Amino acid sequence: MTKVKITETILRDAHQSLIATRMETKDMLPILEKLDQVGYYALEMWGGATFDTCLRFLNEDPWERLRIIRKKVKNTNLQMLLRGQNVLGYKHYADDVVIEFVKRAVYNGIDIIRIFDALNDVRNIKVAMDATKKEGAHAQGAISYTISPVHTTNSYVNLAKDMEDMGADSICIKDMSGLLTPYYAYELICALKKAVKIPLEIHSHTTSGLASMMYLKAIEAGVDIIDTAISPFSMGTSQPPTESLVATLQGTEYDTSLKIEKLNEIAEHFRPLREECLKNGLMNPKVLGVNINTLIYQVPGGMLSNLVSQLKIQNALDKFEEVLKEVPRVREDLGYPPLVTPTSQIVGTQAVLNVITGQRYKMIPKEVKAYVRGMYGRSTVPIKKEIIQKIIGDEEVITCRPADLIKPELEEIKNKMKEYLEQEEDILSYAMFPQVAMEYFKYRQAKKYKIDSACVDIEQKTYPV
């Protein structure tokens, strides 16, 4: 029997993809024990954009969310998504920050860390992977899947071998744009199965309408684990529905052994939340449909909405199609980076500027210049000399691992925020998002003061002197 395992994404990527990661811990709390009883391989519930959103929009401590979930979920692996040397931010951090973050994540309850790099530059995931192994957690290497003339089956096989050699416990094909077609998935998984001995997982989004069919072919090719989302928060820019895949595999050699009845109980909990999100506009019906532009321009759903937002600000929505056509050109110029955070923002912003100014590379953001200088890592193929000259002139391009140029940062970070320090994890929150974390710390302090004051007031009324 080749039983397929399921990683449930409802607590992280499902709501990140459909409602901009706005699900609060209180919405998760009542259903956690039932999620733990289903028999999932893992619950993906932390990392990605959850950290930023907790602090920025929800006034929640992401570390406390992790501890609360860990307390309730005793039998199922807890999984997080980590952006390699970017950790959960949008720039490279010093090795001491990466190591300490991994250490604290595992200490607070994470079992599996999925580690990826936007450029598939394995130098940028090594420190995080080594730290994960040292802490005794499961280190999963993730390959950012994309399509281009230089991304081939052979290039993906070589990446997987490199990750296995680095000590990865498993490998995930991270299809962030929903570009992986069913029959090519079969070919790719077969090739990877021959090349590496560790388990393979597949992660996709139904943005293009392909993911459920693609999962089936991947399963037939021998993939071990699939990522799905409970139905109320599935489809569109999220993952395929858990219940549908479980029903499809029932009675076959791939049977997941998960019970539809238990899954339905979980779906019943999240249905009212979905309706509420649709009603208040947090879930835009547009993200629930199939967007064929994804296949034509290889642009992920999140990037599409970001381009619309940028063009609205410039009062230039009529140039949307033009920008979509410019994205692949910019991507080719920049050495075919996969379009995932932060490279999707880098390519997208440059494409918008090229179209709005009417002249390619007339305006160049500092992030594009840093990328061309090699500050994010190695591009898939070398950037042409004329493009380098146009973007950074005669500035030097680095060839080393970018983080080799960053001095240890932890002590300096601690000194900057020590008056707000309530737990060691606060240092890392501040390291990721200094301004946002500081606002949260002030909110937390004010809230605590109000509670303390209220307690004093109650004491005085109860026990008058």
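Heads up: these notes are all about the structure in this document. Not measured: the values here are computed from a predicted model. (Residues numbered from 1 in each chain as written. Predicted model: local features only at pLDDT ≥ 70, side-chain atom pairs only at ≥ 80, totals over all residues. Heavy atoms only, no water.)

## Digging into a nonpolar patch on the surface
Together, Val 290, Ile 292 and Ile 296 give the surface a local cluster of nonpolar side chains, amounting to about 290 Å² of exposed area. Following the sequence through the fold, Ile 296 ends up in helix α13 (residues 293-297). (Patch = residues over 30% accessible without salt bridge, like charges linked within 9 Å, V, L, I, M, F, W, Y side chains within 5 Å. Areas by Shrake-Rupley, 256 points an atom, 1.4 Å probe, with all protein chains shown as cover. Salt bridge = Lys/Arg side-chain N within 4 Å of Asp/Glu carboxyl O. Helix = DSSP H or I, 4+ residues; strand = E, 2+ residues; numbered from the N terminus.)

## Quick look at helix α5 (residues 62-72)
All of the buried residues in α5 are Pro 62, Trp 63, Arg 65, Leu 66 and Ile 69. Seen from one end, α5 has its buried residues packed into an arc of 155°, which puts them on one side. Two to three positions downstream of the cap, the backbone nitrogen of Trp 63 sits 3.0 Å from a side-chain oxygen, assigning the N-cap of α5 to Asp 61. (Buried < 20%, exposed > 50% of the residue type's maximum accessible area, 1.4 Å probe, protein only. Arc of directions from axis to C-beta. Polar contact = N/O pair within 3.5 Å; in protein donor to acceptor, adjacent residues only side chain to side chain.)

## Focus: the environment of Asn 291
Mapped onto the fold, Asn 291 is located in the loop between α12 (260-279) and α13. Sequence separation between Asn 291 and Thr 146 is 145 residues, and the spatial gap between their C-alpha atoms is 17 Å. Leave out the neighbours within four places in its chain, and Asn 291 touches Thr 207, Ser 208 and Leu 304. (Contact = heavy atoms within 4.5 Å.)

## Some thoughts on the layout of surface pockets
There is about 1,600 Å³ of room inside the largest pocket. Going through the elements one at a time, α1 (13-19), α4 (50-56), α14 (301-313) and α16 (343-357) are the ones with two or more residues in the lining of the largest pocket. For the lining of the largest pocket, the element with the highest residue contribution is α14, accounting for nine residues. (1 Å grid on protein atoms, 1.4 Å probe; cavity = no way out; pocket = protein on both sides within 12 Å on 5 of 7 lines; lining within 4 Å. Points joined across faces, edges and corners; volume = space filled by probe spheres on them.)

## Observations concerning the environment of Thr 206
As for its position among the elements, Thr 206 is in the loop between β7 (200-204) and α10 (211-221). Along the primary structure Thr 206 and Ile 292 are separated by 86 residues, whereas in three dimensions their C-alpha atoms are 11 Å apart.

## Some thoughts on unusual backbone geometry
In the segment running from Thr 341 into Pro 342, the intervening peptide bond is cis, with an omega of 5°. Position of Pro 342 among the secondary structure elements: in the loop between α15 (320-333) and α16. Even without glycine at this site, Thr 21 takes up a positive phi of about 65°. Along the chain, the position of Thr 21 falls in the loop between α1 and α2 (25-28).

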